[in-house]
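So you can see what is in the structure, the chains are spelled out below.
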Amino acid sequence: MSGGEFRQKVRPEWIDYNGHLSEAYYVLVFGFATDALMERTGMDEAYRTGSGCSLYTVEAHVKYLREVGPDAEMLVRTSIVERGAKKLRIAHEMIVDGTVVATEEIVALHVDSAQGRSVPFPDHIAAQLDG
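About the cut-offs
Per chain, residue numbering runs from 1 following the sequence as it is written. Note on the predicted model: pLDDT of at least 70 is required for a residue's local features to be given, and 80 or more for side-chain atom pairs to be given and counted; whole-chain, interface and lining totals, by contrast, use all residues. Side-chain calculation: all heavy atoms of the structure are included, whereas hydrogens and water are not. A run of DSSP states H or I qualifies as a helix once it reaches four residues; a run of E qualifies as a strand once it reaches two. Both are numbered from the N-terminal end. Relative accessibility under 20% of the residue-type maximum defines a buried residue, over 50% an exposed one, and the middle range a partly exposed one, all with a 1.4 Å probe and only protein chains included. Here, expected helix span is obtained from the residue count minus one, scaled by 1.5 Å. Any pair of residues with heavy atoms lying within 4.5 Å of one another is described as a contacting pair. When a carboxyl oxygen of Asp or Glu lies within 4 Å of a side-chain nitrogen of Lys or Arg, that pair is called a salt bridge. Arc definition: it is the arc formed by the directions from the helix axis to the C-beta atoms. Whether two aromatic rings pair depends on their centres lying within 6.5 Å, for rings of Phe, Tyr and Trp, where Trp uses its six-membered ring; planes under 30 degrees apart make the pair stacked, over 60 edge-to-face, and the rest tilted.

**What about the environment of P122?**
You can see P122 is positioned in the loop between β6 (117–118) and α3 (123–130). Relative accessible area serves as the criterion here: at 25%, P122 is assigned to the partly exposed category. Each C-alpha atom, one on P122 and one on T49, is 15 Å from the other, the two residues being 73 residues apart in sequence.

**Quick word on helix α1 (residues 23–40)**
End to end, α1 covers 27 Å across 18 residues, agreeing with the expected 26 Å (1.5 Å per residue, within 8%). The complete set of buried residues in α1 reads Y26, V29, F30, A33, T34, A36, L37 and M38. At its buried positions, α1 is contacted by β1 (3–9), α2 (45–51), β2 (53–64), β3 (73–83), β4 (87–96) and β5 (99–112). Backbone geometry just after α1 places G42 at a positive phi near 95 degrees.

**Some remarks on the pattern of salt bridges**
Taken as a whole and assessed by the stated rule, the structure comprises six salt bridges. Salt-bridge contacts for D130 lead to R83; the nearest nitrogen and oxygen are separated by 2.7 Å. Note that D130 is positioned in helix α3 and R83 in strand β3, a separation of 47 residues in sequence. A relative accessible area of 37% means that D130 is categorised as partly exposed. Under the relative-accessibility criterion, R83 is labelled partly exposed at 25%. Among the charged side chains, a network of salt bridges with common partners joins E5, R7 and R77.

**So, α3**
Listed in full, the buried residues belonging to α3 are I125, A126 and L129. With its buried residues spanning 100 degrees around the axis, α3 presents them on a single face. Counted as exposed and oriented over 90 degrees from the buried face of α3: D123 and H124. The inward-facing, buried residues of α3 contact α2, β3 and β4.

**What about the packing of aromatic side chains?**
To describe a pair of aromatic rings, you give the distance between the ring centres and the angle between the ring planes. For the coordinates displayed, the defined rule picks out three aromatic pairs. Residues Y26 and Y64 carry aromatic rings whose centres are separated by 4.9 Å and whose planes lie at 85 degrees to one another, so their mutual orientation is edge-to-face. Of the two residues, Y26 is situated in helix α1 and Y64 in strand β2; the sequence distance between them amounts to 38 residues. Given a relative accessible area of 4%, Y26 falls into the buried group.

Written as structure tokens, this is what we have:
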């Protein structure tokens, strides 16, 4: 299944009082990686505006494995673990200097905001996700 990579450098304001990346910013960067996956698979701003649909995270599990210091270059590798008609399971690995420093697995639903419920992926989006 489709996936991809996202890169982000640690910003100074993300460093906590212990001199490391604050835990909330791991999740922020994983969110950016999910956004990048959405862009790559056709769920971009034009799609969201035109269809009223987007991915909504309904469950997330984060593992903090190593501390990340100031100015670190983070690489997030994303994999689609499973795709259903309306659901995605996505796995992210955050890597710094070749070492996995954190992981996140999320369950996301394809939601029509106007209807307030999950709806099936259109065929062209499903094909990109499966690609």
